[in-house]
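# Commentary on secondary and tertiary structure
Listed here are the chains, written in short residue letters.
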Amino acid sequence: MSVFFALGLGALLAAGVWQQLRYWRVRRERLEDLQPFIYPGATFHTVTFLKVDTALGRKGEFAALRALRRVIEASNGGRVVYAGLVGVNMAASTQLPNDWSAVVLAQYPSKEAFQRQYEAAELSHILSGCERSYVHGFQRPMLLNLLLPLALGLMRVRDIVLRRAPILPFEPLAYEDALPPIQAKRREILCLDDYRDIRDDAILIVNLIQPGTAQQREADRAYTRAMMSGMAEGGYGPMHMGRAVSVDGEFQYKQFVAVYYPGIDHMHAMIGSSFMNRVGPGKQLGDTLAVATIPVLADLDPPRP
């Protein structure tokens, strides 16, 4: 009996390691995300939204991202862990502007280290050079984020054992049969195709979330469960999750989540599916800013031609 127990435990550990490495490769190879596995408890993270003058085009967006990365990593132990160009707004906030050009996720040794940089002239100079900017902090619990891939793996095992119908590949739905909000979103995400020359196999949706009423939260939980089942089946899902922390006190959000999807074609298939038409209306939040971004961190140094 002890032999079988040891074999079972070994198989379980091997499956857990495989699942962790699977998501680690996605983070490094597709998202160009440099988030470490292990970091001290005092570590503080930020998400910075940039709006660059449209007349400057892609070159202006890349220039702003390079300048911001240089400043973040020049002092106070800051490190850029992800950078992306905003392809499309996925959910409009009532608190913040919704038209953004780029997003940067950064990690600092502590909130105090970030605050010193945030109040310094160098960062203010870079941010003031943009049409507008917004910075929000978040506490990213190490253990929670390490457990996310394992939780998705267990969810997949559960769905297999319960013989639940697969979600993938998505079943397409005719445009005219989709609900009006889904039709509108299908039109909006067409602009993602403009970013295929940069990367077409990875999208990170960056979310600031303010939960709604009890009724909205219940509907949103049902939506989230359905989406997570698809993520578990397809090997994608949350890469960063934590408690949102306001750094200027003006805008209030409770959660930060950044979710990986395997590319532009996947996004079109998902939004254009009968699955999304069925579960999509369940997404109900008090307020949220959600932007779909294309990974570009590897292109920031050396400069993109």
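As shown above, the structure is provided for reference.
The structure contained in this document is the topic of the report that follows. All of these numbers come straight from a predicted model, not from anything done at the bench.

### Some thoughts on the overall build of the protein
Counting its secondary structure elements, the protein contains nine helices and eight strands. Taken over the C-alpha trace, the protein has a radius of gyration of 20 Å; the compact-globule value for 305 residues is 19 Å, and the two agree within 12%. The principal-axis extent of the C-alpha atoms belonging to the protein is close to 65 × 55 × 45 Å. Within the span of the protein, comprising 305 residues, buried residues form 51% of the whole. Excluding contacts between residues fewer than 6 apart, the proportion of contacts in the protein whose partners are at least 24 apart in sequence is 85%. In the structure as shown, the protein presents an accessible area of about 14,600 Å², 60% of it carried by carbon and sulfur atoms. With 33 positive and 30 negative side-chain charges, the protein shows a spacing of 6 Å between the two charge centroids.

### Observations regarding the pattern of salt bridges
Counting across every chain of the model gives eleven salt bridges. For Glu32, the salt bridge identified is with Arg199, shortest N-O distance 3.0 Å. Placement of the pair is Glu32 in the loop between helix H1 (2-30) and strand E1 (44-51) and Arg199 in the loop between helix H6 (180-188) and strand E5 (203-210), with a sequence separation of 167 residues. Like Arg199, Glu32 is buried. Note that Asp197 is salt-bridged to Arg58, the shortest N-O span being 3.5 Å.

### Some details on the packing of helix H2 (residues 57-74) against helix H4 (residues 121-128)
As a packed pair, H2 and H4 sit with axes 10 Å apart at the nearest point and diverge in direction by 170°. Comparing their axes, H4 and H2 come out roughly antiparallel. For the crossing formed where H2 meets H4, the hand is left-handed. Listed contacts from H4 to Ala67, Leu68 and Val71 of H2 are Glu122, Leu123, Ile126 and Leu127. A class-by-class count of the residues in the contact of H2 with H4 yields six nonpolar, no polar and one charged.

### Description of the environment of Asp193
Counting through the fold element by element, Asp193 comes out in the loop between H6 and E5. Through-space distance from the C-alpha of Asp193 to that of Asp265 is 8.9 Å; in sequence the pair is 72 residues apart. Setting aside its immediate chain neighbours within four residues, Asp193 contacts Ile264 and His268. Looking at Asp193, its side chain comes within polar contact range of the side chain of His268, at 3.0 Å.

### Notes on a nonpolar patch on the surface
Side chains of Phe5, Leu9, Leu12 and Leu13 sit close together on the surface and give an oily, nonpolar patch of about 450 Å² of accessible area. Residue position: Phe5 is located in helix H1. According to the relative accessible area criterion, Phe5 is exposed, its value standing at 61%.

### Here we look at helix H8 (residues 264-271)
Those residues of H8 not exposed but buried are Ile264, His266, Met267, Met270 and Ile271. In an axial view of H8, the angular spread of the buried residues amounts to 160°, which keeps them on one side of the axis. Where H8 is buried, its residues contact strand E2 (79-91), H6, E5, helix H7 (214-234), strand E7 (255-261) and helix H9 (274-279).

### Some words on the nonpolar core
Nonpolar side chains in soluble globular proteins generally cluster together in the buried interior. Residues Val47, Phe49, Met90, Leu192, Leu208, Tyr261 and Met267 are the most contacted members of the largest nonpolar core, which totals 94 residues. Discounting chain neighbours no more than four positions away, the residues touching Val47 are Val103, Val104, Leu105, Tyr134, Val135, His136, Phe138, Val206, Leu208 and Phe256.

### Side note on the environment of Glu32
When its relative accessible area of 13% is taken as the criterion, Glu32 is described as buried. Separated by 170 residues in the primary sequence, Glu32 and Ala202 have C-alpha atoms spaced 9.6 Å apart. Once residues lying within four places of it in the same chain are set aside, the contact partners of Glu32 are Arg27, Val81, Arg199, Pro295, Val296, Leu297, Ala298 and Asp299. Within the structure, Glu32 has its side chain in polar contact with the backbone nitrogen of Leu297 (distance 3.0 Å).

### Looking at H6
When we look at burial in H6, the residues that qualify are Ile182, Gln183, Lys185 and Arg186. Buried positions in H6, seen along its axis, are confined to an arc of 165° and lie on one side of it. Residues Pro180 and Pro181 are exposed on H6 and point more than 90 degrees away from its buried face. Where H6 is buried, its residues meet E2, H8 and H9.

### Side note on the sheet that holds strand E3 (residues 102-108)
Strand pairing in a sheet takes place through backbone hydrogen bonds and is either antiparallel or parallel in direction. Read once around its circumference, the closed barrel built from eight strands follows the order E1-E3-E2-E8-E5-E7-E6-E4, with strand pairing classed as antiparallel. Taking the axes of each pair of neighbouring strands and ignoring which way they run, one obtains an average angle of 35° across the sheet. Pairing analysis gives seven bridges linking E5 to strand E8 (residues 287-295), with the strands arranged antiparallel. In the sheet register, Ile205 faces E8, and the bridge partner there is Ala292.

Rules used in this analysis
- Residues numbered from 1 in each chain as written.
- Predicted model: local features only at pLDDT ≥ 70, side-chain atom pairs only at ≥ 80, totals over all residues.
- Heavy atoms only, no water.
- Helix = DSSP H or I, 4+ residues; strand = E, 2+ residues; numbered from the N terminus.
- Rg over C-alpha atoms; globule rule 2.2 N^0.38 Å.
- Buried < 20%, exposed > 50% of the residue type's maximum accessible area, 1.4 Å probe, protein only.
- Contact = heavy atoms within 4.5 Å.
- Areas by Shrake-Rupley, 256 points an atom, 1.4 Å probe, with all protein chains shown as cover.
- Lys, Arg positive; Asp, Glu negative; His and termini not counted.
- Charge placed at Lys NZ, Arg CZ, Asp CG, Glu CD.
- Salt bridge = Lys/Arg side-chain N within 4 Å of Asp/Glu carboxyl O.
- Axes fitted to C-alpha atoms, helices over the stretch in contact; angles between N-to-C directions.
- Parallel < 35°, antiparallel > 145°, perpendicular 65-115°, else oblique.
- Left-handed = near helix turned anticlockwise from the far one by under 90°.
- Nonpolar A, V, L, I, M, F, W, Y, C, P; charged D, E, K, R; others polar.
- Polar contact = N/O pair within 3.5 Å; in protein donor to acceptor, adjacent residues only side chain to side chain.
- Patch = residues over 30% accessible without salt bridge, like charges linked within 9 Å, V, L, I, M, F, W, Y side chains within 5 Å.
- Arc of directions from axis to C-beta.
- Core = buried A, V, L, I, M, F, W, Y, C linked by side-chain atoms within 4.5 Å.
- Pairing = 2+ DSSP bridges.

Don't take any of this as a statement about function, it's just geometry.
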